[in-house]
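Commentary on secondary and tertiary structure
Spelled out from the first residue to the last, the chains are:
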Amino acid sequence: MKLSIVATLYQSAPYVAEFHRRAGDAARRVAGDDYEIVLVNDGSPDDSLERALALMEADDHVVVVDLSRNFGHHKAMMTGLAHAKGERVFLIDSDLEEEPEYLLSFTRLLETEGCDVVYGVQEQRKGNWFERWTGAWFYVLVRWLTGLALPGNIVTARLMTRRYVDALLLHDEREVFMAGLWHITGFDQRPHTVHKHATSETTYTFRRKMSLLVNSVTSFSNAPLVSIFYIGLSISALAFAYTCYLVGRWMFFSKPLVGWTSVMASIWLLGGLVISFIGVVGIYLSKIFSETKRRPYTIVRKVHARQAR
């Protein structure tokens, strides 16, 4: 099979029919009749699954992968890639904020450059000033804390070769951060500037972005653990120097040690640091606990297809 188009469904009912039409038109221009559209239902609470099944009944190019519940966007994408059979795989969101027609320009760049991946980069982040600001700082913090040179403002849309997808699927961790996995898989990857529309309100709230930041940093870097050591070393050095200063005042200047306020402030400071450090270690331990159980990161209820492709 020449081409697989992979998209996830979550509250996608208003868009799935038009997405199917436009994605199918673009696929036929690239691969003729040798393509498939893999739709992964990530436990969508609306009737996205029913609409996708209706499309599958009318079009034998459509494959619907129904997950047993909502597992999250990134894990659903990995599941869709695992079910894709094409020599080239086009991954894109189904909400039409990224145009399915990008497949055409992505294909031209892939063939011209002879690379393995063409990925979309927003010319400007969509949303209000707070969404743009938090999105920009998210990538700044990830790059600073993990050391990964992740490109900023990337979108889901990307065209990949079969060998790249096979390599990407070798990553078997339970905590999935797609942008990091895309980067560390390597190969020759080229950016393509795109315009992302604002067809719906983002589901990535500030709280979800913070959760994603913590997950990405702890999944790809031991910097927080190393920083705990150096912060503790610095505090110990300052405390030792201050102790020497106080003893010197008492021995040579006969000045008594006073200052309950400073003592209490120090206790609260050190107590807060100890609790936060224990929390950082706890996050890493929880990830080890999750990985050692080797639970599947998604469970497929059923794969719906009219015929094997």
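Residues numbered from 1 in each chain as written. Predicted model: local features only at pLDDT ≥ 70, side-chain atom pairs only at ≥ 80, totals over all residues. Heavy atoms only, no water.

To keep it simple, the criterion reads: UniProt positions are given in the numbering used here, feature names are shortened, and annotations may be inferred rather than shown by experiment.
As recorded by an unreviewed UniProt entry, the chain carries the name Glycosyltransferase family 2 protein and is attributed to Ramlibacter agri. For the record of the chain, the UniProt heading Subcellular location (unreviewed entry) holds the text "Membrane".

1. Details of the overall build of the chain
The criterion, for reference: A run of H or I in DSSP counts as a helix once it spans at least four residues, and a run of E counts as a strand once it spans at least two, with each numbered from the N terminus. Exposed residues in this analysis have more than 50% of their type's maximum accessible area, buried residues have under 20%, and partly exposed residues fall in between, with area computed by a 1.4 Å probe over protein chains only. Where accessible areas are quoted, they stem from the Shrake-Rupley method and a 1.4 Å probe; at the residue level, only the protein chains shown are allowed to cover.
Assigned secondary structure in the chain consists of 10 helices and eight strands. Out of the 309 residues in the chain, the part that is buried amounts to 44%. Carbon and sulfur atoms form 62% of the exposed surface of the chain, whose accessible area is close to 16500 Å².

2. Some remarks on the side chain of Asp59
Condition: Only four residue types enter the tally: Lys and Arg on the positive side, Asp and Glu on the negative side; His and the chain ends are excluded. The rule for a salt bridge is simple: a side-chain nitrogen of Lys or Arg has to be within 4 Å of a carboxyl oxygen of Asp or Glu. Contact between two residues is taken to exist if any of their heavy atoms lie within 4.5 Å; hydrogens are not considered.
If you trace the backbone, Asp59 turns up in the loop between helix H2 (48-58) and strand E3 (62-67). Arg28 provides the closest opposite charge to the buried, unpaired Asp59, separated from it by 5.4 Å. Aside from chain neighbours lying at most four places away, what touches Asp59 is His20, Tyr35 and Arg306.

3. Brief notes about the pattern of salt bridges
This structure, assessed with the given rule, holds 11 salt bridges. Put simply, Arg88 and Glu111 hold a salt bridge, and the shortest N to O gap is 3.1 Å. In this pair, Arg88 sits in strand E4 (residues 88-91) while Glu111 sits in helix H4 (residues 102-113), placing the two residues 23 residues apart along the sequence. Overlapping salt bridges, with partners in common, bring together Glu18, Arg21, Arg22 and Glu101 in one network.

4. Topic: helix H3 (residues 73-83)
The buried count for H3 comes to eight of 11 residues, which makes it a mostly enclosed element. When H3 is considered as a whole, its buried residues turn out to be His73, His74, Ala76, Met77, Met78, Thr79, Gly80 and Leu81.

5. Observations regarding the sheet that holds strand E2 (residues 35-41)
Short version of the rule: Strands were regarded as paired on the criterion that DSSP finds at least two bridges between them. Under this scheme, a helix contributes an axis fitted over its contacting stretch, all axes are lines through C-alpha atoms, and angles between N-to-C directions fall in the 0 to 180 degree range.
Across the sheet, which stays open at both edges, the eight strands sit in the order E7-E5-E6-E4-E1-E2-E3-E8 with mixed pairing between neighbours. What marks the edges here is a single partner per strand, and that holds for strand E7 (189-194) and strand E8 (300-305). Across the sheet, the mean angle separating the axes of adjacent strands is 20 degrees when strand polarity is ignored. Pairing of strand E5 (residues 117-122) with E7 involves six bridges; the strand directions are parallel. Looking at the pairing, Gln122 lines up with Val194 of E7.

6. Focus on a nonpolar patch on the surface
Applied cut-off: Like charges within 9 Å and nonpolar side chains (Val, Leu, Ile, Met, Phe, Trp, Tyr) within 5 Å are joined into patches, using only residues over 30% in relative accessible area that form no salt bridge.
A cluster of nonpolar side chains, namely Leu225, Val281, Leu285 and Ile288, defines an oily patch on the protein surface of about 330 Å² accessible area. Looking at the nonpolar patch element by element, the count peaks at three residues for helix H10 (residues 260-293). Given a relative accessible area of 35%, Val281 falls into the partly exposed group.

7. Some points on the pairing of E4
Pairing between strand E1 (residues 3-9) and E4: four bridges, direction parallel. The residue of E4 that forms the bridge with Ser4 is Val89.

8. A closer look at the packing of aromatic side chains
As a reminder, the rule being used: Note on aromatic pairs: the rings of Phe, Tyr and Trp (six-membered ring only in Trp) are paired at centre separations within 6.5 Å, and the planes decide the class, stacked below 30 degrees, edge-to-face beyond 60, tilted for the rest.
Inspection of the entire model under this criterion finds three aromatic pairs. With a centroid separation of 5.9 Å and 90 degrees between ring planes, the pair formed by Phe90 and Phe106 is classed as edge-to-face. Separated by 16 residues along the polypeptide, Phe90 in strand E4 and Phe106 in helix H4 bring together distant segments of the chain. By relative accessible area, which is 0% here, Phe106 ends up buried. The interplanar angle of 80 degrees and the centroid separation of 5.8 Å between the aromatic rings of Tyr164 and Phe187 together place this pair among those described as edge-to-face. On the criterion of sequence distance, the pair formed by Tyr164 in helix H6 (residues 162-168) and Phe187 in the loop between helix H7 (178-184) and E7 is long-range, its members being 23 residues apart. Its relative accessible area of 0% is what places Tyr164 among the buried residues.

9. A few points about the nonpolar core
What counts is decided by this rule: Side-chain atoms within 4.5 Å link the members of a nonpolar core, which is a set of buried Ala, Val, Leu, Ile, Met, Phe, Trp, Tyr and Cys residues.
In terms of nonpolar packing, the biggest core is built from 34 residues, with Leu3, Ile5, Phe19, Leu39, Phe90 and Phe106 touching the most fellow members. Residue assignment for this core shows that the elements contributing at least two residues are E1, helix H1 (16-31), E2, H2, E3, H4 and strand E6 (154-161). For this core, the element with the highest residue contribution is H1, accounting for six residues. Tyr119, Val121, Leu150 and Trp182 belong to the second-largest nonpolar core, a separate cluster that totals 30 residues.

10. Quick notes on unusual backbone geometry
Residues apart from glycine generally show negative phi values, whereas peptide bonds are mostly found in trans. Look at Leu96: it is not a glycine, yet its phi comes out positive at around 70 degrees. Position of Leu96 among the secondary structure elements: in the loop between E4 and H4. For Phe187, which is not a glycine, the phi torsion comes out positive at approximately 70 degrees. Assessed through its relative accessible area of 40%, Phe187 is described here as partly exposed.

11. Quick look at the environment of His61
So the rule is basically this: Polar contacts, as counted here, are pairs of nitrogen or oxygen atoms within 3.5 Å of one another; within protein the pair requires one atom able to donate a hydrogen and one able to accept it, and residues that are adjacent in sequence qualify only if both atoms are side-chain atoms.
Relative to the assigned elements, His61 resides in the loop between H2 and E3. When its relative accessible area of 6% is taken as the criterion, His61 is described as buried. The spatial distance from the C-alpha of His61 to the C-alpha of Arg306 is 8.3 Å, given a sequence separation of 245 residues. One polar contact links His61 to Asp59, side chain to side chain, over a distance of 2.8 Å.

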